[in-house]
Amino acid sequence: MKPHQLRIEAFGPYAEPVEIGFDALSQEGLFLIHGSTGAGKTFLLDALCFALYGEVSGDRSVKALKSDHAEPSAVPRVSLEFSSGGARYRVERSPAYTAPKTRGEGTTEKAPQAVLFRLVGDEWQPIASRTTEVTREVQGLVGLDAAQFRQVILLPQGKFAEVLRARAEEREALLKTLFDTVIYEQAGSWLEERAKTARIEVAEQNRTLEVLCHQAAHEWSPYALQPLEVPNDQEGLDLLVEQIAVVVGGTQDSLKQAGASLEVARNAMAAIEKTADRWDRRAAALSRLSELEAKQEAVIDFRQRLSRAEQAEALRPSVEAEQAARDALSSLEAGIKAELLRANRARDAAQALPASLVLLDLIAPPSLEELSEARNALAARRVELTGLASQAMEAAQARARATAAAGLASRAEERLTSSKAAIESRQQARQAAADAFTKACSARDQLNGLQRAAEEARDRARAVEAIAPAQQQENEATAAKTRADGRLSQAKAALNDHRRRHIAGMAARLAAGLESGAPCPVCGSANHPTPAQPSLDAVSDEAITAAESQLNAATKAAEQAAVGVQKSQGELAAVLEKAGGANLDKLTARTAALQARESLATAQALAETVAGLEQAINDHEQELQALQASLQSASTELAMQSRGAADENQRAQTLTADIASQLGEGVDPLQALKTFEPLEEALKALAGCCQAITTAMTRLEQASGRLARDMAGTEFADGLAVVAALREENVRQLWAQRIKAYETELIGLRELLASSDLAGLPVERPDTAAAQEAVITADAARTAAVERHSEARGAQAEIERVSSEHRSGAGELAARRERAQLLSAVADRCSGKAAPFISLQRWVLSAYLGDICRYANQRLELMTSGRYQLRLTDEGGRGGRQAGLGLRVLDAYTGEEREVSSLSGGETFQASLALALGVADTVEAHSGGVHLEALFIDEGFGTLDPDNLQLAMDELDRLREGGRMIGIISHVGALKERIRDGIEVLSSDQGSMVRVGMNALS
């Protein structure tokens, strides 16, 4: 990315438009930005960064970028033309700002805006027009985000030395923003998760094999003749399979004998029950026949009522039509009374009515002609009042303007008084700001030392405070592990108890699946007289599954508790190491940290006010000038507004007198118009009701004549008789169905009693109780045999299943154990838990940092005449979190490595500049073709002596020989002699301006 032209307007200290052409400055490759303190040199870099990303390079807020020197209506905007990838682009941005309203008084908040153009031929074509879209497009074109741009292209004042002096964890965070190494961090996490899963699978497989052996022993325990030991291998399980097979053969023989006895008893009971069923059917038929014969008279009555209802049904349309016409007329008669009352009320409430409407009689329904005349007269009166209402509104507007003018005159008088007092107060405030500015500058020079002392004291105090919580956490984790182990034992016992009760209820489960007429899956019989019932403590398959789930959950909880103990022990050891031991005085550490923090906070608070106080001094001077102008303006405004108020009051009085002459005193034409609307609606509704009543009376006469003609020749005397005989269709159908059902059932019963199937039966009903008792006894014996056989077969199937699963599971265990060992070794290596104790991501970041140091040392050796080189260190120690990301400096004069913090101010600037240039070179080399053609350095050269300044400038000369454009912000006078082209920033009470070119350095 290479900038070509920057335009600024109403932005920061620049009130007037400013235009900087970088193409002319880049001919020499190196240019200087200089000017007095606070003039706005760094703001040029802010404008460049804001144009590209909508952010500023320093600590300024993007919400306060509009120039205080610009007119209130001015629009702050920044425009930058740049080239990237062989194409030329222009980005335009405007920050959020407050502007005066275009109508009325007050202000409005303007939202930020951005547009990105591309030069196609001679025409700029827009390619993005929303702030987020523009930022995203710029990042793609430049190849860097805002943070990376400030690290490798804009080197802000006092910031680029942070890379050199940063702690390892801070340097790691910076490198992560510059180089995409997330995939290596994700790979390490993924491997750790896979290794953990593999270890859990091995442990679960071991527990599964143990559970299988316990399950087999539990299944065999009811049949063991002596105390049984749980088998611990496949050979023991195979022996149990052979033994249970012998038991199943014995229960099979017992079941066959019990089944034969039950079949004989059931055949005898079936013959007796068949005769008893015939006897019961004959008795029921005789009883029902007697009941039906007693209801014969009621059935005859229903036949007569059904016939009369069918005759009335033919007259239903005429009756309903006559009744509907009568109801409609009654409703309209009631409605017209309500409309008359409504019209009277509306007329009483109306004002300024014509005489014809006042005299209209509304006690009885008027004729349609009278209503029409009244409505026409009311419409004519409305036209007259409309004109008078417009005149009244004009008078009200005049009075409002007079009131507003009087208010403005009052405020102008108040402003006149307050401006005089404000001038005196502002003069005192300016002197106080000047005194505070001197103190704040002194505090700013002490910040670096106080910052380091506060951080060291804070870290030590936090570690001391964390010892007790870490010890408590370790105790809690140990207690949690004990509780989890207890719940695991309870879950195992509960599962074994559920399985025992599940086997005991096997017969009831088989009986639940029996279907009438279908053969039993055990004995093959199609009769199921007394199926076994479930016992109170029976256990379902779902309960077994739930118990197994609880066991699995308890197992996982126990494992997690064990991991928690290990984690808490590690955290306690880390805290003790950081605190320097367990026997430390918490109060002393806390007091030292508090004192260091208070000293730093006091200095920071004062230092942060430097720029504000400097700006405040300028603001005070500008405000004094503004107050003098406001004093003159208030005096003029007072005279103008007083005159305007008098004129408007006179016009309002003239218009009001004209209205009163036509309507009388106290009558508001607009209010009178509003009272017309209810009366107009009431008269319209009254006319409609009169018309509807005439129509309804005609319809009633027609319906009554039709009903009289239809009833001629019927047995009904009038319409009321027809209505009394009417029945709904469903009622008539129900009567007909009941009559038919009665006759059908009566014939059927008589035929049944005469059939041969019910002939020859005994007088008394046969006794079936003895036969049922015999069947129950035989069935109980057979059920017991089924249960014994089912239990034995269930145990056999379970033992065989367990044996088979144990055999296959033992083979899988070895493969899983080998895979878990391999995954754990790879995961430990990539996460830094195994030699050489550095994670995969930090290894990659260390390689990037190595490249940065290699590029940086090429320049640092030249700038320091071969004395210093930057070296990587294994900061963090064995297994440290930031191993491989430390920096030290090698001093060729002594041959020893030492901390970078030991460098002097000038040496620190040289090392920081070399490191910053190394970062830029490395990013350019590893960013997929990103070419960095520009570099801006803000201050720092004042810390160099003449010789070292010469060496630093020689290095910058080599950079521009490579085609890179370099801009330097500095107050160092020697740089003006060395650099011919530049930008001079000039400040004044009207805002800053710039001069570009060789004349700027004269």
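Note that the coordinates shown come from a computational prediction; the quantities given were computed from them, not determined experimentally. The residue numbers shown here count from 1 along each chain, following its written sequence. Residue-level local features of this predicted model are given only where pLDDT is at least 70; pairs of side-chain atoms are given and counted only at 80 or more, and the full residue set underlies all totals for whole chains, interfaces and linings. Side-chain measures here rest on the full set of heavy atoms in the structure, leaving out hydrogens and waters.

(A) Up close: the overall build of the protein chain. Secondary structure follows DSSP: runs of H or I at least 4 residues long count as helices, runs of E at least 2 residues long count as strands, and numbering of each begins at the N terminus. A tally of regular secondary structure across the protein chain gives 25 helices and 17 strands. Throughout, a residue-residue contact means that at least one pair of heavy atoms, one from each residue, lies within 4.5 Å. Put simply, of all contacts in the protein chain between residues at least 6 apart along the chain, 75% involve residues at least 24 apart. Accessibility throughout is a Shrake-Rupley quantity obtained with a 1.4 Å probe, and a residue counts as covered only by protein chains that appear here. A total accessible area of about 55100 Å² is found for the protein chain, and carbon and sulfur atoms account for 52% of it.

(B) Expanded view of the nonpolar core. Residues belong to a common nonpolar core when they are buried Ala, Val, Leu, Ile, Met, Phe, Trp, Tyr or Cys residues joined through side-chain atoms within 4.5 Å. Burial classification: accessible surface area is computed with a 1.4 Å probe over protein chains only, and a residue below 20% of its type maximum counts as buried, one above 50% as exposed, and the rest as partly exposed. One finds Leu 52, Tyr 53, Phe 936 and Ile 968 to be the most contacted residues of the largest nonpolar core, which totals 87 residues. A total of 10 residues in this core trace back to one element, the largest contributor, which is helix H2 (residues 41-53). The residues contacting Leu 52, other than those within four sequence positions of it, are Met 1, Leu 80, Phe 82, Val 91, Arg 93, Thr 135, Val 138 and Phe 149. If you look at the next biggest cluster of nonpolar residues, it comprises 34 residues, including Leu 357, Ala 672, Leu 673 and Leu 700.

(C) Just the packing of aromatic side chains, in detail. In this analysis, rings of Phe, Tyr and Trp, with Trp reduced to its six-membered ring, are considered paired at centre separations within 6.5 Å, and the interplanar angle assigns stacked below 30 degrees, edge-to-face beyond 60, and tilted for intermediate values. Scanning the model with the defined rule gives seven aromatic pairs in all. A ring pair is formed by Phe 11 and Phe 43, whose centres lie 5.5 Å apart and whose planes are at 80°; its orientation type is edge-to-face. Of the two residues, Phe 11 is situated in the loop between strand E1 (2-9) and strand E2 (18-21) and Phe 43 in helix H2; the sequence distance between them amounts to 32 residues. Neither Phe 11 nor Phe 43 differs from the other in exposure class; each is buried. Here the aromatic rings of Phe 31 and Phe 936 are separated by 6.2 Å at their centres, their planes lie at 70°, and the arrangement is edge-to-face.

(D) Quick peek at H2. Its 13 residues place the ends of H2 19 Å apart at the C-alpha level, agreeing with the 18 Å of an ideal helix rising 1.5 Å per residue. The buried fraction of H2 is high, at 13 of 13 residues. Directly beyond the C-terminal end of H2, a positive phi value near 75° is found at Gly 54. To estimate how far a helix should reach, multiply one less than its number of residues by 1.5 Å.

(E) Examining the pattern of salt bridges more closely. Salt bridges are defined as contacts in which a side-chain nitrogen from Lys or Arg sits within 4 Å of a carboxyl oxygen from Asp or Glu. This model, assessed by the stated rule, comprises 23 salt bridges. A salt bridge links Arg 90 to Glu 92, with the shortest nitrogen-to-oxygen separation between them at 2.8 Å. We classify Arg 90 as buried; its relative accessible area is 13%. On the basis of relative accessible area, Glu 92 is assigned to the partly exposed category, the value being 31%. Between Glu 897 and Arg 888 there is a salt bridge, with its nearest N and O atoms 3.8 Å apart. Since its relative accessible area comes to 22%, Arg 888 is described here as partly exposed. If you follow the salt bridges from partner to partner, you end up with Arg 7, Glu 19, Glu 81 and Arg 88 in one network.

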